[in-house]
Amino acid sequence: MLSTGCSTLAQPQQYKTHTVEKGETVYSIAKKYNTTEAAIYKLNPDAKKGVGVNAVLIIPSVDTINEADIIFKLHRVKRRETLFGIAQLYNVQIDEIKKYNKELYSRELKKGERIRIPTGVKENTTTVISETNTANEGAKHTVLPKETKFGIARKYGITMSELAAMNPNLGESLQIGAVLNVPNVSVLETATIEDEKYDFYEVKPKEGFYRLKVKLGLSEAEIVALNPYAKDGLKDGMILKIPKDSDEVLTENVTVVNLENYINNKTKKRIALMLPFRLNKSVKDSVNTNTELLKADATMRIALDFYSGVLMAAEFAKDHGISVELDVYDTEASETKVVSIIAKNDFDKVDAVIGPLLRKNVEKAASELRNTDTPVFSPLSNKEVKISSNLFQTLPTDEMLQEAMLTYLKEHAQGKNMVLVSDSKKNATKQTILAALDNVKTLSPREKGFLYATDIQGKLDDLRENWIILESEDPVVLSNVVGLLNGMPENYKIRLFTLDKNAAYDYNDVSNVHLAKLGFTFPSVNKSYNYKDKTPFLTSYKNKYGVLPNRYAVRGFDVTYDVLLRLASADDVYDATKNDVVTEYIENKFHYTKKLFSGYQNNAVYIVKYNEELQFEEVK
């Protein structure tokens, strides 16, 4: 679309043209050129009806602004960043970056250097175009009842980040009557969705209509019918109106993939492994002393078992043509040692760091490597971790496990007699369960943690299946309740659940046979492999080490092999994680999501059941 009002081109140096790209709006174009929507509409009257892809707009030029009047942002170059990527990040041209960093005309970017990025002009700056002398003030919007930030952004055809940029003091929630800065022109009449069957969805980076078809189950035609302004393409941050039912598709239809089938990057992968081997405690040439040390130091044993799985993963990767360089460091379980390792070694070309094991040490490693954007994978701790932008938490949190179990119970509760047995220390969990489930009978242990058979039998129903939810960390309570449930008359159908399978279930007094008989079901970060299976990993591991792997060795294999395959299926793990897929290996699965203003969290959870063969099986 080339405006017919071209008489203004008598002074051609004052104007430039812009070809509209997919997803762009007049607001984003105005922001890009540091001008106003009004200035663009004045030169391009037809643009008020909308701008299509490849339309050509006349833009007021600001080339005559003095460098002293330009606002710059200093950007620290991260590992593997390119001028193109930085230009995209700040929505500027590559030539604009080079113009103010002239050394980049003759050399490449250097990691860690700071470059100047032009982001705007100072107030009251004089230019040859009067339209660009004023800030892009736009219009005002008064928040009405039921309006949300998503709805307001959608109404004016802008993204959430653009709305936030126009309103720096915008809080988490909106107050009715609050006045917001918005673009001059709205693309919709209302900022609310009256029909309760619909909700808002924010378009993620690099999402197109095909990706949304997979995630939401909506075709391009269906999305455009609900959101006419999306006809020219989707834009990162664009707010869409979608049916609420799509939320279920979003979680249920995440694709499980085998990354071995998507290997396309066979460059050498360099992995740094940080584990607490504690070699500083070992004694040279003293087998007996070191054997006793291993027996006494559980952390050292875990590190060695995990390491055996890592080595096996590297061998499997090599079988697929992926060369692996493994840098192994002993953290000595010390935060100070972690800092020293990073300071004394070159991590610039490291593709990923696996470890350390301890929470405080993995936090420190991620913090030290954040400036180089080196990904750090926390392999074993699911305690509350301070997640940096480069940290990957490979274990789901306890809250995720609890929520997964509650979801399963809610989906299958119909027709069941639900009974909750909990002690006083689990009161918070009790309240959570009662808030989530309807018609739950409750029962608490008597003094000293005991119940009698009549206590439980009075809550059971011989006409329905009885689902017992047991919440306690006291092995006396667990042993008592599990034993009583197994002693109930056979006409009662009983199944046992918990939201938290804690260490108390491992006490000898809690019978595994009884748990299996009750079909004991719980949420878990992993499943257990069947030792009878002759999988390539189990066979190879036993051939190499003479024993079957324990859970730490399997964890070492699963985490490392997943990292290597992600690196081999994309440019780096960040790009690989943008694909909304689940990967699954021997005992663990991974589904990473980016946390807002933070790092990446694995939210893949298993619901497992103790079967009659005393094996844990996944509940489908």
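Residue positions within a chain follow its written sequence, with the count starting from 1. It should be noted that, the model being predicted, local features are given only for residues of pLDDT at least 70 and side-chain atom pairs only at 80 or more, the latter also being counted only at that level, while totals for whole chains, interfaces and linings use all residues. Just so you know, side-chain values use all the structure's heavy atoms and leave hydrogens and water out.

Colleague: Residue-level account of helix H14 (residues 398-412), with values.
Modeller: For the purposes of this entry, the term helix denotes a DSSP run of H or I that reaches at least four residues, the term strand denotes a run of E that reaches at least two, and both are numbered from the N terminus. Every helix has an expected span of 1.5 Å times one less than the residues it contains. With 15 residues, H14 extends 22 Å from end C-alpha to end C-alpha; this agrees with the ideal 21 Å at 1.5 Å per step. Throughout, a contact is declared for two residues whenever any of their heavy atoms are within 4.5 Å. Elements that come into contact with the buried residues of H14 comprise strand E15 (417-422), helix H15 (427-436), strand E17 (466-471), strand E18 (494-497), strand E19 (521-524) and strand E24 (606-610).

Colleague: So what about the nonpolar core? Which residues, and what values?
Modeller: Membership of the largest hydrophobic core comes to 44 residues, with the highest contact counts inside it found for Ile271, Phe537, Phe557, Tyr561 and Val563. Elements that contribute at least two residues to this core include exactly strand E10 (269-275), helix H11 (298-319), strand E12 (352-354), helix H19 (536-545), helix H20 (551-568) and helix H21 (573-577). The leading source of residues in this core is H20, at 10 residues. Excluding residues that lie within four positions of it along the chain, Tyr561 makes contacts with Glu260, Ala313, Phe316, Ala317, His320 and Tyr585. Working definition of a nonpolar core: buried Ala, Val, Leu, Ile, Met, Phe, Trp, Tyr and Cys residues. They are joined through side-chain atoms within 4.5 Å. When a residue's accessible area, from a 1.4 Å probe over protein chains only, is under 20% of the maximum for its type it is buried; when over 50% it is exposed; and in between it is partly exposed. In terms of nonpolar packing, the next biggest core, distinct from the first, is built from 29 residues, Leu470, Tyr505, Ala516 and Phe522 among them.

Colleague: Would you mind going over the environment of Thr331 in detail, with residue names and values included?
Modeller: Checked against the element boundaries, Thr331 lands in the loop between strand E11 (324-330) and helix H12 (335-344). Through-space distance from the C-alpha of Thr331 to that of Asn361 is 8.6 Å; in sequence the pair is 30 residues apart.

Colleague: Can you explain unusual backbone geometry? Please cite residues and give values.
Modeller: The general pattern is negative phi for most residues beyond glycine and trans for most peptide bonds. Between Gly355 and the following residue, Pro356, the backbone shows a cis peptide bond with an omega angle of 0°. As for its position among the elements, Pro356 is in the loop between E12 and helix H13 (359-368). Phi is positive for Leu614, which is not a glycine, with a value near 60°. Counting through the fold element by element, Leu614 comes out in the loop between E24 and strand E25 (616-618). Since its relative accessible area comes to 39%, Leu614 is described here as partly exposed.

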